[in-house]
Amino acid sequence: MAEILKARDISANEMSVVLHRPAELRLRRALAHLVSNRRELFETYQSFHNRTATATLHRRPRLLSFAEMEPGEMVFVGCYNAVFRGARPYAEIGADPNIQELHRDFGMDLWWDDENETHPWFDLQPLPDLADLAGRLRIETPAGRTYMRLADRLDAEVIAIERVSRYAPPFPGWRSLCLTSSDVRFLPGDWAARLREWRGVYLIVDESDGERYVGCAYGAENILGRWQQHCASEVGVTVELARRDTSDFRFSILERVSPDMPPEDVIALEHTWMARLHTRQFGLNT
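This is a predicted model, so every value here is computed, not measured. (Residues numbered from 1 in each chain as written. Predicted model: local features only at pLDDT ≥ 70, side-chain atom pairs only at ≥ 80, totals over all residues. Heavy atoms only, no water.)

1. What about the overall build of the protein chain?
Inference 1: Counting its secondary structure elements, the protein chain contains 11 helices and 11 strands.
Inference 2: Dimensions of the protein chain along its principal axes, counting C-alpha atoms only, are 65 × 45 × 30 Å.
Inference 3: Sorting the 286 residues of the protein chain into buried and exposed places 46% on the buried side.
Inference 4: Considering only intrachain contacts with a sequence separation of at least 6, the fraction spanning at least 24 residues in the protein chain is 72%.
Inference 5: Only carbon and sulfur atoms are counted for the fraction: they give 48% of the accessible area of the protein chain, which is about 14,400 Å².
Inference 6: Computed over 35 positive and 43 negative side-chain charges, the separation of the two mean positions in the protein chain equals 3 Å. (Helix = DSSP H or I, 4+ residues; strand = E, 2+ residues; numbered from the N terminus. Buried < 20%, exposed > 50% of the residue type's maximum accessible area, 1.4 Å probe, protein only. Contact = heavy atoms within 4.5 Å. Areas by Shrake-Rupley, 256 points an atom, 1.4 Å probe, with all protein chains shown as cover. Lys, Arg positive; Asp, Glu negative; His and termini not counted. Charge placed at Lys NZ, Arg CZ, Asp CG, Glu CD.)

2. Side note on the pattern of salt bridges
Inference 1: One pass over the full model with this rule turns up 19 salt bridges.
Inference 2: Note that Arg62 is salt-bridged to Asp129, the shortest N-O span being 3.0 Å. Pair noted here: Arg62 is in strand β2 (residues 62-70) and Asp129 is in the loop between β4 (118-127) and β5 (137-140), with a separation of 67 residues, a long-range link.
Inference 3: The partly exposed category is assigned to Arg62, whose relative accessible area is 23%.
Inference 4: Accessibility expressed as a relative area gives 22% for Asp129, which makes it partly exposed. (Salt bridge = Lys/Arg side-chain N within 4 Å of Asp/Glu carboxyl O.)

3. Structural notes on the pairing of β2
Inference 1: Pairing analysis gives 6 bridges linking strand β1 (residues 15-20) to β2, with the strands arranged parallel. The residue bridging Met15 from the neighbouring strand is Arg62, located in β2.
Inference 2: Pairing between β2 and strand β3 (residues 73-89): 8 bridges, direction antiparallel. Opposite Phe66, over in β3, you have Phe76 as the bridge partner.
Inference 3: The antiparallel hairpin formed by β2 and β3 contains 2 residues in its connecting segment, where Gly72 sits at a positive phi of about 90 degrees. (Pairing = 2+ DSSP bridges.)

4. Considerations on the packing of helix α9 (residues 189-197) against helix α10 (residues 222-231)
Two numbers describe a pair of packed helices, the interaxial angle and the distance between the axes.
Inference 1: At a minimum axis distance of 4 Å, the contact between α9 and α10 shows a crossing angle of 105 degrees. In terms of axis orientation, α9 runs roughly perpendicular to α10. From α9, Ala192, Leu195, Arg196 and Glu197 reach across to α10, where they touch Asn222, Ile223, Leu224 and Trp227.
Inference 2: Partitioning the contact of α9 with α10 into residue classes produces 5 nonpolar, 1 polar and 2 charged. (Axes fitted to C-alpha atoms, helices over the stretch in contact; angles between N-to-C directions. Parallel < 35°, antiparallel > 145°, perpendicular 65-115°, else oblique. Nonpolar A, V, L, I, M, F, W, Y, C, P; charged D, E, K, R; others polar.)

5. Details of the nonpolar core
Inference 1: Membership of the largest hydrophobic core comes to 31 residues, with the highest contact counts inside it found for Leu102 and Phe106.
Inference 2: Among the secondary structure elements, those contributing two or more residues to this core are α3 (31-37), α4 (39-45), α5 (51-59), β2, β3, α6 (90-95), α7 (97-106) and β4.
Inference 3: For this core, the leading source of residues is β3, giving 4 residues.
Inference 4: Setting aside residues no more than four positions away along its own chain, Leu102 makes contact with Leu27, Leu34, Leu41, Thr44, Tyr45, Gly107 and Met108.
Inference 5: Counting 23 residues, the second-largest nonpolar core is a separate cluster that includes Leu177, Val184, Tyr213 and Trp227. (Core = buried A, V, L, I, M, F, W, Y, C linked by side-chain atoms within 4.5 Å.)

These values are about where atoms sit, not about what they do.
This is the structure in structure tokens:
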């Protein structure tokens, strides 16, 4: 990492580094979506920090931002100037629509008890430095729990500089596709377009206990629309799934069919999969 900064004539002694790896699993899984599609939420997320990190930003407001996309590796988000805007009351922070959405939809913890207290707040202004490496530069996740570091003390090996951004990974193909409910909610645009085109039979596994449900999809939105219906609320949409937390659902495709297959044929195919997987006797189909 030091060699890259030196090659770009960037002084590591003037930079801080933030290594985003949220403790909240839902938020961690959604980082790529936030960076790619909801940058305003991501910037809000990195606008306030704990006391130690805040002190580092006061000393070194130029910031290199990384986010963990896979266990053990960080992907470069961008370079920022952290402008201190003063202390905001917790009541005001909690009322911020972006904070509310991060808490409601992505599980970000609101840790404060006293709304009358205040917390330091920064505006993160993007800088052009290293912009061409955003989403492409991958480093090993450094050891230790401290998420705000000094760039000149960052011990992180560069894994690779990819040809294309990791924030928009290539579609894996329908046979390899296996998505959580969070993934379904925040699909990359080209992934969503493909699922919108396809009819077929799919499997939902409840990861809390391994129970299985076979379903089929057809119509205007096809698989995409049906999966989105399953994830639309905190519980499922069928009689059995309505007793279950959708955050534990994992989706895969059992069989993809022609986009013009008649609905009755898709339903008949669904029934053969129910029989083969015994999801009426031992699963969640009724």
